[in-house]
Amino acid sequence: MLVSHYFEFESHVTGGISESVSHQRKMLRKQEIPYTTKPRMDADVLHCNVMGPRSAYYARKADCPVVAHTHVTAEDFGESFRFTNALAKPLRPYLKRAYGLADELVCPSEYNRGVIDSYTDRPTRVITNGVDTEKLDGYESLREEYLDRYDLSPPVVFLVGHVIKRKGLETFVETARNLPDVDFAWFGPIDRELKGRSTKRLIDNSPSNCTFTGFIDDIRGAFAAGDIFFFPTYEENEGIALLEAMAAGKPPVVRDIETFSWLTDGDDAVKSDSDEGFIEAIHRLEAADERERIGEQARERSEPYHLDSVAPSYEKLYTEVGQ
């Protein structure tokens, strides 16, 4: 079997989609499934990760089954970077056509599958993006270095990923403003030239206890310095950084949205749908014993998402789609 594992815009797309593709390729290697990153029409399976115009063209021309990942939806495209709100509306009809070209669609979560069901009637299956625990190896040793580098005092409330409005930027900033004695840190690229005016204003006017680190060269430092993972996102297909935080035993505070229905409030996460609730949740997790309890539950809950557990799903996918 040869899989054409194609990632259109690979040199330009970063963040969760890029991480997911990296995870997939690592899992293919674990399963010893031969693949090429080139769009091969004569492969046994063509697997497209972003259904851009080239992917759509190759999907039409392919002499083999086509699998498409549904990383991108109009729902999670808005409130990301400059102009994405304007592009979200025409994106939906385009994706309906593009996803309709696949023989099977891979959705990273049940929530995402529910969204995609409103786009097309193509067969879908859920395969998590997974969490690469090897990427986190040794993160604990970096704690003092990263606390000192960003002048942070534990317990640190943190988030990892691109700084974008959709991920709850305003909530993150305002929660920090209402908890002036707690340090907040958002680890990840800011890409100021791609931000809208309101997003830049939120960053520039954030309180002194709210740090935006920008890109960091070793992402393990974020999980070393952070104690409470605060993820007030409004829309998410799954959330790889959340899975990483859970695998590192960091208790997550998340917005109570359908994407996170697989988490249990008070057990492996703390959920809220209000600003007041987020403040209360962080107050609650300032207690070390509560952080440890929920963090350990979160670590255990993340285990089925480890790449070793997920990898066999790809062998099954390619075998079944080719039948």
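Placed above this text is the structure.
Residues numbered from 1 in each chain as written. Predicted model: local features only at pLDDT ≥ 70, side-chain atom pairs only at ≥ 80, totals over all residues. Heavy atoms only, no water.

Moving on to the packing of helix α7 (residues 169–178) against helix α8 (residues 197–204). Orientation of α7 relative to α8, taken along the N-to-C sense of each, is 20°, at an axis distance of 10 Å. Here α8 runs roughly parallel to α7, going by the angle between their axes. Once α7 is placed against α8, the crossing between them reads as left-handed. Contacts between α7 and α8 involve Leu-169, Glu-170 and Val-173 from the first element and Thr-199, Leu-202 and Ile-203 from the second. Taken together, the residues of the contact of α7 with α8 sort by class into 4 nonpolar, 1 polar and 1 charged. (Axes fitted to C-alpha atoms, helices over the stretch in contact; angles between N-to-C directions. Helix = DSSP H or I, 4+ residues; strand = E, 2+ residues; numbered from the N terminus. Parallel < 35°, antiparallel > 145°, perpendicular 65-115°, else oblique. Left-handed = near helix turned anticlockwise from the far one by under 90°. Contact = heavy atoms within 4.5 Å. Nonpolar A, V, L, I, M, F, W, Y, C, P; charged D, E, K, R; others polar.)

What follows is about the packing of helix α10 (residues 240–247) against helix α12 (residues 288–302). When two helices pack together, their arrangement is given by the angle between the helix axes and the distance between those axes. Between α10 and α12, the least distance of the axes is 7 Å, while the angle of their chain directions is 120°. Residues Leu-243, Met-246 and Ala-247 of α10 pack against Gly-295, Ala-298, Arg-299, Arg-301 and Ser-302 of α12.

The strand order across the open sheet built from 6 strands is β9-β8-β7-β10-β11-β12, with neighbouring strands paired in parallel fashion. Of all strands in the sheet, those with a lone pairing partner are β9 (210–214) and β12 (270–272), marking the two edges. Across the sheet, the mean angle separating the axes of adjacent strands is 25° when strand polarity is ignored. Where strand β7 (residues 157–160) lies against strand β10 (residues 228–231), 2 bridges are found, and the strand directions are parallel. Looking at the pairing, Val-157 lines up with Ile-228 of β10. The strands that α10 touches are β7, β10 and β11 (252–255); relative to β10, the one it contacts most, it runs at about 165°. (Pairing = 2+ DSSP bridges.)

Our next topic: unusual backbone geometry. Omega for the peptide link from Pro-154 to Pro-155 comes to -5°, which places this bond in the cis form. Locating Pro-155 in the fold gives a position in the loop between α6 (143–149) and β7. Positive phi is not limited to glycine here, since Glu-32 has a value of about 60°. Tracing the sequence through the fold places Glu-32 in the loop between α1 (16–30) and β2 (35–36).

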